[in-house]
Amino acid sequence: CEYVSDLNRYVADGTIQDIIDMAEALQEKKMAELADYVVTQRPKIKVVLIAGPSSAGKTTFCRRLTTQLRVVGLRPVKISLDDYFYNREDTPRNPDGSYDFESLRAVDVPLFNEQIDALQQGKDVCLARFDFVTGHRYFDEKPVHLEVDQPIVVEGLHALNNSLTYMLPRYEKVKISLGVLTQIRINDHNRISTSDTRIIRRMVRDQQFRDRGPTATMEIWSDVRRGEETNIYPYQEDADTIFNTALPYELSVLKPYAEPLLKSITKDSPHYAEAQRLLKFLMPFRALKSSVVPPNSLLREFIGKEG
C-alpha cells in the first residue's frame with residue numbers, strides 16, 4: 001500500500017480490512033518489543049517517558065504500552081502531563097497576550113515532581129486531572145499506589161525534557177519519541193506531510209472531545225508548530241527509540257469527520273485558504289466508515305468509540 005491509489009483500490013474492492021489488520025498488528029508487535037526492552041533495563045529504570053508532537057497519539061500509545069508492560073509482568077502507573085497544566089487563568093501568556101500552552105511554563109512542574117516522588121516512596125497519591133472544557137484542574141478521589149521496583153509511565157509534550165524530570169538521573173529513564181510519518185504517498189513526487197496528518201487528527205479530536213471548533217484549532221496551529229520546534233525536536237536525539245504512530249488507512253477514516261469541519265470555515269475567515277488546501281488534500285482519498293477501526297487503535301483517540 002505505497003500510494004493513495006493503492007489504498008483506494010483496497011477500499012473499493014473490499015479488501016481494506018486486511019491492510020487495517022496488518023497495520024494494527026505491526027504497531028502492536030512493536031509495542032510488545034518496547035515492553036520487552038523496558039524489562040531488560042530493570043531494575044534501574046524508574047520512569048518511561050513518552051513524548052511527541054501534537055496529535056501523535058501519546059495518550060493511546062501510553063495506555064497500550066502500559067498494557068504490554070503488564071503482559072510481561074510489570075505493574076506500572078501511567079501519568080499524563082496534560083493533567084498538570086495550570087488552571088486556565090494561571091497559564092502564562094505570550095507577548096501578544098495569548099495563552100502559552102506549548103511551553104514547559106504551562107505545566108505545574110513542582111506538583112508533577114512532588115507526586116512522582118511520593119509514588120516512588122510508596123505513598124498513596126490522588127493524581128491530578130485536568131478538565132479541558134472548564135480549564136481547571138482537579139484530583140482523583142481514589143488514590144493510586146506504586147509497588148516496589150515498578151515503573152511510572154509518563155506521556156506528554158515535554159516528557160523528554162530533562163528539566164521536567166530533573167530529580168532522576170538519565171540511566172533511570174527510558175525515553176520514547178513518537179512521530180507521525182505517513183507511509184503512503186500521493187505519487188512518486190509528492191509525499192504526505194506529517195503536519196497535514198496531525199492538524200486533521202487534531203481538528204477532529206478538538207471537535208469531538210475538547211469543545212473546540214475547526215477555526216479555534218487553526219488559530220493556534222502556528223503556535224503549536226513553533227512550540228514543537230522549541231520544546232520537542234531539540235530533545236528527540238536523546239530518545240532511546242522512535243515509534244511511528246501513523247496508520248496507512250487513517251486519512252480515509254478521518255475524511256468524513258474533517259470535511260464538514262473544513263467546509264464550515266467561510267470565505268471571510270483568515271483560515272479559509274488553508275481550509276480549502278486541506279480539502280483538496282483530502283479529495284483523492286476514498287472515505288471509510290469508522291466501524292473498520294479496531295476499538296484499541298490509536299485512531300480511536302481522535303474519532304472516539306464506535307457508535
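Shown above is the structure to which this text applies.
These lines cover the structure that appears in this document, whether it is placed above or below. Keep in mind that what you see is a predicted model, and the values were worked out from it rather than measured. (Residues numbered from 1 in each chain as written. Predicted model: local features only at pLDDT ≥ 70, side-chain atom pairs only at ≥ 80, totals over all residues. Heavy atoms only, no water.)

## Let's talk about the overall build of the protein
Condition: Helix numbers and strand numbers start at the N terminus; a helix is a DSSP run of H or I with at least 4 residues, a strand a run of E with at least 2. Only C-alpha atoms enter the radius of gyration, while the globule expectation follows 2.2 Å times N to the 0.38, with N the number of residues. Each residue gets one of three labels from its accessible area relative to the maximum for its type: buried under 20%, exposed over 50%, partly exposed in between, using a 1.4 Å probe on protein chains only. Note on contacts: a residue pair qualifies if any of its non-hydrogen atoms lie within 4.5 Å across the two residues. We get accessible surface area from the Shrake-Rupley algorithm with a probe of 1.4 Å; when it comes to residues, only the shown protein chains can shield them.
Helix and strand content of the protein: nine helices and nine strands. By the compact-globule yardstick of 19 Å for 307 residues, the protein fits well, its C-alpha radius of gyration being 20 Å. Each principal axis of the C-alpha atoms in the protein carries an extent, and together these give about 55 × 45 × 35 Å. Within the protein, the fraction of its 307 residues that count as buried is 52%. Long-range contacts, defined here as pairs at least 24 residues apart, represent 75% of the contacts in the protein between residues at least 6 apart. On the protein, roughly 14500 Å² of surface is accessible, and the fraction owed to carbon and sulfur atoms is 51%.

## With respect to the packing of aromatic side chains
Two measures describe an aromatic ring pair: the distance that separates the ring centres and the angle between the ring planes. Selection rule: Only rings of Phe, Tyr and Trp enter the pairing, Trp through its six-membered ring, and a pair is recorded when the two centres are within 6.5 Å. The plane angle decides the type: under 30 degrees is stacked, over 60 is edge-to-face, the rest tilted. The rule for a charge over a ring is simple: NZ of Lys or CZ of Arg within 6 Å of the ring centre, and within 35 degrees of the ring normal.
Throughout the structure, instances matching the rule amount to six aromatic pairs. Considering the side-chain rings of Phe85 and Phe130, the 5.8 Å spacing of their centres and the 70° angle between planes classify their relative orientation as edge-to-face. Of the two residues, Phe85 sits in the loop between β2 (77-80) and α4 (109-120) while Phe130 sits in strand β3 (residues 128-131), which places them 45 residues apart along the sequence. Relative to Phe132, the ring of Phe130 has its centre 5.2 Å away and its plane inclined at 70°; by these criteria the two rings are edge-to-face. Accessibility assignment for this pair places Phe130 and Phe132 in one class, buried. Sitting over the ring of Tyr10, Arg9 keeps its end group 5.4 Å from the ring centre. The aromatic ring of Phe132 is capped on one face by Arg210, whose charged end is 4.0 Å from the ring centroid.

## Some words on the sheet that holds strand β1 (residues 47-51)
Stated formally: DSSP-based pairing: two strands are paired if at least 2 bridges between them are found. Where helices are involved, their axes are fitted lines through C-alpha atoms of the stretch in contact, as for all axes, and angles between N-to-C directions lie from 0 to 180°.
The strand order across the open sheet built from five strands is β2-β5-β1-β6-β9, with neighbouring strands paired in parallel fashion. Only two strands of the sheet have a single partner each, and these edge strands are β2 and β9 (241-244). Shown here is a sheet whose adjacent strand axes are inclined to one another by a mean of 20°, direction ignored. Judged from the four bridges that link them, β2 and strand β5 (residues 152-155) form a sheet pairing that is parallel. The residue bridging Ile79 from the neighbouring strand is Val154, located in β5. Relative to the sheet, helix α2 (residues 16-40) contacts β1, β6 (173-179) and β9, its axis offset from that of β9 by approximately 160°. On top of the sheet, α4 reaches β1, β2 and β5; it is set at about 165° to β5, its chief contact.

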